[in-house]
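Spelled out from the first residue to the last, the chains are:
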Protein chains: 2
Amino acid sequence: MRNLKIIGYGKDKGNKILMFGKNKRHRMDKHQSHFTMSKTAIDQALEKCSLTIEDMDLIVFASAIGYQPIPCSAALISREYGTRKPIPCMDINTTCTSFISALDTVSYLIDADRYKRVLILTAETASLGINPKQKESFELFSDAAAAFIIEKATERASGVLYGLQQTWVEGAHDTEIRGGLSSMHARHYNEETEDDYLFDMKGPKVLRLVAKKVPDFITLLEKESGYSLKDIDMIIPHQASRALPLVMAKLGVPEEGYMNYVQEYGNMIAASVPYMLALALDEGLVKEGSKVLLFGTAAGLTISGLILLI
Amino acid sequence: MRNLKIIGYGKDKGNKILMFGKNKRHRMDKHQSHFTMSKTAIDQALEKCSLTIEDMDLIVFASAIGYQPIPCSAALISREYGTRKPIPCMDINTTCTSFISALDTVSYLIDADRYKRVLILTAETASLGINPKQKESFELFSDAAAAFIIEKATERASGVLYGLQQTWVEGAHDTEIRGGLSSMHARHYNEETEDDYLFDMKGPKVLRLVAKKVPDFITLLEKESGYSLKDIDMIIPHQASRALPLVMAKLGVPEEGYMNYVQEYGNMIAASVPYMLALALDEGLVKEGSKVLLFGTAAGLTISGLILLI
């Protein structure tokens, strides 16, 4: 086990509520931005452990989309705090599973005593990039942020029991935003290309690949980790879509065994998993000693799982 | 020491040569792209160790700017190879020091036996984002890619002796590209905002902050690592600007103690450090047993140093 414990966490979401049938979506209002949601989540996390930003030893921004192309987003959010201590800042990105990848990666750095205390921020602003012409995704996403502060566990056993990631690149172009960086600079934006700068998901194709690959992924995870899904107290999956119950049913997970808030919260891109983890901690669905599986699929197609002892 | 060895490396650069006075710059010609340079560098690296992409256990894209906002660039380059094995793909970004950060981070994963063999790709296309109105940076940058394949060292001692990163966020907005992601979506691109989508560097201000912070960084690195700069056989610095000799002179490093190819190659953003490391290996400036310091400053302002035993 890679020893670590959560000492603080926080979350924020869009204040403007949209209803699509029974589905509630949270989008930024005119007073909110990627930065304000990020800061609210971090402020809550810091308050929970009575620390300040300068008590951090590493800041990781773990999201699909950053604030700016340059510099890295971790530096920009640290700048918002006017941090005067030279805390290293780094971005880690595996799209929707970025938080899982960051926690997994950082657990090695903490275990090896490279850094004592790490802030991981995930913040996403889907509403800026969704395409009204793609009804399914247009009505699916919410804006949100979640922040976690972790440090080495010393008093009791807690931490990362096992992590696994797979990336099946046959699906790399089935979920994408093509424009905005090197492949298509903003200077090429016009009426004909505007869709290239928006989120484009081939939903049924992605779902077919997920349905094909996830069961074997879970089998491998169970075999390699030595933990069966039955040993897990709570699965915290990426709230990818309304197909979540179908995927979980296929894995034999009962309704009470996983967080399913797609209707209430929507897909918050990489923020879904840490937001749900924060919610689970708030509501006592997960507590000290709980075994939790953070699990998600991401554009790539990436599948990621991390077993935590809370 | 975190044991690892370089088993393959490769590099590519822009084929169109521009001269600004004595300064040679390499920019992509019409047959090249971010992807073609990436593939050339990876192909060379794979050839050097007689392996294929499917022999990798992790692919890390470590650059300031990716191909697309979604998915992560590591997945996109793996897709270019049509990889059928689900190799995990991840992006790590600290702007110009991304390669150093990725190698530093990955060394923990290799040391802990999470992954056996890792491909780190750094590829940058500065020519797409420089602003003709900013003469200094417009005449400074080149396009390039470099790839390294590393695995655990078992036969003889080699690997990461020490790593240090600092990010001084008072400089976060002195080197930036503001537009293209959440803070300024491509839809806001027009004649008035076009400069926001291009590289913007307050050169003299950045240089003042570098001059102020780098000497203390090196003092700390020497103290914490137990290695003096005099113990280092070759310093491989980011080819940030023509001020490189001034910075090195201030640190007391003699001309033969560091790679200075700013005139011949220009600033290749995050690709500078791995490109120079590949060049040093090719030219025998660095060989088995050499102690090397990878060193760079990046937008952020990040300062990063990694001592390697080759």
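Residues numbered from 1 in each chain as written. Chains lettered and ligands numbered in written order. Predicted model: local features only at pLDDT ≥ 70, side-chain atom pairs only at ≥ 80, totals over all residues.

**Describing helix α2 (residues 73–80) of chain B**
Among the eight residues that make up α2 of chain B, seven are buried, leaving the element largely enclosed by the rest of the structure. Of all the positions in α2 of chain B, only Ser73, Ala74, Ala75, Leu76, Ile77, Ser78 and Arg79 of chain B are classed as buried. If you follow the buried residues of α2 of chain B, they end up packed against β9 (159–167) and β14 (302–309) of chain A together with α1 (34–48), β5 (58–61), β6 (89–93) and β7 (117–124) of chain B. Following α2 of chain B by one or two positions, Gly82 of chain B has its phi on the positive side, about 60°. (Buried ≥ 20, exposed ≤ 12 C-beta atoms within 10 Å, placed from the backbone. Helix = DSSP H or I, 4+ residues; strand = E, 2+ residues; numbered from the N terminus. Contact = placed C-beta atoms within 7 Å.)

**Structural notes on the relation of the copies chain A and chain B**
Structural alignment of chain A on chain B gives an RMSD of 0.0 Å, achieved by rotating through 180° and translating 0.0 Å along the axis. What the superposition gives is, in effect, a two-fold axis relating one chain to the other. (Least-squares fit on C-alpha atoms with pLDDT ≥ 70 in both.)

**Topic: the sheet that holds strand β9 (residues 159–167) of chain B**
Residue and element names in this part refer to chain B. One open sheet accounts for five strands, arranged β1-β9-β14-β13-β12; its pairing is mixed. Each edge of the sheet is formed by a strand with only one pairing partner; in this case those strands are β1 (2–3) and β12 (234–237). Looking at chain direction, β1 and β9 are connected through two bridges and run antiparallel. Within β9, the position partnered with Arg2 by the bridge is Val160. Strand contacts of helix α8 (residues 272–282): β12 and β13 (291–298), with the helix running at about 145° to β12, the strand carrying the most contacts. (Pairing = 2+ DSSP bridges. Axes fitted to C-alpha atoms, helices over the stretch in contact; angles between N-to-C directions.)

**Considering the nonpolar core**
Core analysis: the largest hydrophobic core is formed by 204 residues, its most contacted members being Val60, Ile120 and Ile236 of chain A together with Val60, Ile120 and Ile236 of chain B. Those residues in contact with Val60 of chain B, other than ones at most four positions away along the chain, are Ala74, Met90, Ile92, Ala102, Val106, Val118 and Ile120 of chain B. (Core = buried A, V, L, I, M, F, W, Y, C linked by C-beta atoms within 7 Å.)

**Focus: the environment of Asp200 of chain A**
Checked against the element boundaries, Asp200 of chain A lands in strand β11 (residues 200–201). Put simply, Asp200 of chain A and Ile177 of chain A are 23 residues apart on the chain and 6.2 Å apart in space, counted from C-alpha to C-alpha.

**Topic: the pairing of β6 of chain B**
Most of β6 of chain B sits inside the fold, with five of its five residues counted as buried. Taken together, the three bridges between strand β6 (residues 89–93) of chain A and β6 of chain B define a ladder with antiparallel strand orientation. Each bridged residue has a counterpart across the sheet, and for Asp91 of chain A the counterpart in β6 of chain B is Asn93 of chain B. Both β5 of chain B and β6 of chain B contribute to a ladder of three bridges, which runs parallel. In the strand pairing of β6 of chain B, Ile59 of chain B is matched with Cys89 of chain B. One crossover worth recording links β5 of chain B to the parallel β6 of chain B by way of α2 of chain B, and it is right-handed. (Right-handed = clockwise from strand over helix to strand, strands pointing away.)

**Section: the domain arrangement of chain A**
Residue and element names in this part refer to chain A. Taken domain by domain, chain A comprises domain 1 (2–155) and domain 2 (160–309). Domain 1 and domain 2 are separated by 16 Å when their C-alpha centres are compared. Contacts between the two partners involve 42 residues from domain 1 and, on the opposite side, 36 residues from domain 2. Sorting the residues of the side of domain 1 that touches domain 2 by element identifies β2 (5–13), β4 (23–27), α3 (98–111), β7 (117–125), α4 (135–138) and β8 (143–151) as the ones contributing at least two each. (Domains from an automatic or database assignment.)

**A few points about unusual backbone geometry**
A cis geometry characterises the amide bond from Ile70 of chain A onward to Pro71 of chain A, with omega recorded as -5°. The phi angle at Ile269 of chain A is positive, at roughly 50°, despite the residue not being glycine. Locating Ile269 of chain A in the fold gives a position in the loop between α7 (262–265) and α8 (272–282). Here the phi dihedral of Ser50 of chain B falls at roughly 50°; this positive angle occurs in a residue that is not glycine. Checked against the element boundaries, Ser50 of chain B lands in the loop between α1 and β5. The exposure class of Ser50 of chain B is exposed, given the 9 C-beta atoms found within 10 Å.

**Observations concerning the interface of chain A and chain B**
The figure often quoted for interface size is the accessible area lost as the parts come together. If you look at the interface, chain A gives 57 residues, while chain B gives 57 residues. Sorting the residues of the side of chain A that touches chain B by element identifies α2 (73–80), β6, α3, β9 and β10 (175–176) of chain A as the ones contributing at least two each. Examining the composition of the side of chain A that touches chain B, we find that five residues originate from one element, β6 of chain A, more than from any other. Residues of the side of chain A that touches chain B, tallied by class, amount to 28 nonpolar, 23 polar and six charged. (Nonpolar A, V, L, I, M, F, W, Y, C, P; charged D, E, K, R; others polar.)

**Topic: helix α5 (residues 203–225) of chain B**
Think of an α-helix as 3.6 residues a turn; residues three or four steps apart then line up on the same face. Residues and elements named next belong to chain B. Under the 1.5 Å per step criterion, the end-to-end length of α5 is 31 Å for 23 residues, consistent within 8% with the ideal 33 Å. Of all the bends found along α5, the most pronounced is centred on Lys213 and spans about 30°, while Pro215, a proline, follows it within four residues. Taken together, the buried positions of α5 are Val210, Val214, Phe217, Ile218 and Leu221. Lining the buried residues of α5 we find β9, α6 (244–250), β13 and β14 (302–309). Gly226 occupies a position one or two residues after α5 and carries a positive phi of about 80°. (Expected span 1.5 Å × (residues − 1). Bend = angle between axes of the 7 residues up to and from the residue.)

**Here's the deal with the pairing of strand β5 (residues 58–61) of chain A**
Residue and element names in this part refer to chain A. Residues Leu58 and Val60 of β5 are buried on one face, and the alternating residues Ile59 and Phe61, pointing to the opposite face, are buried as well. When β5 meets β7, the two strands line up parallel, connected through four bridges. In the sheet register, Ile59 faces β7, and the bridge partner there is Leu119.

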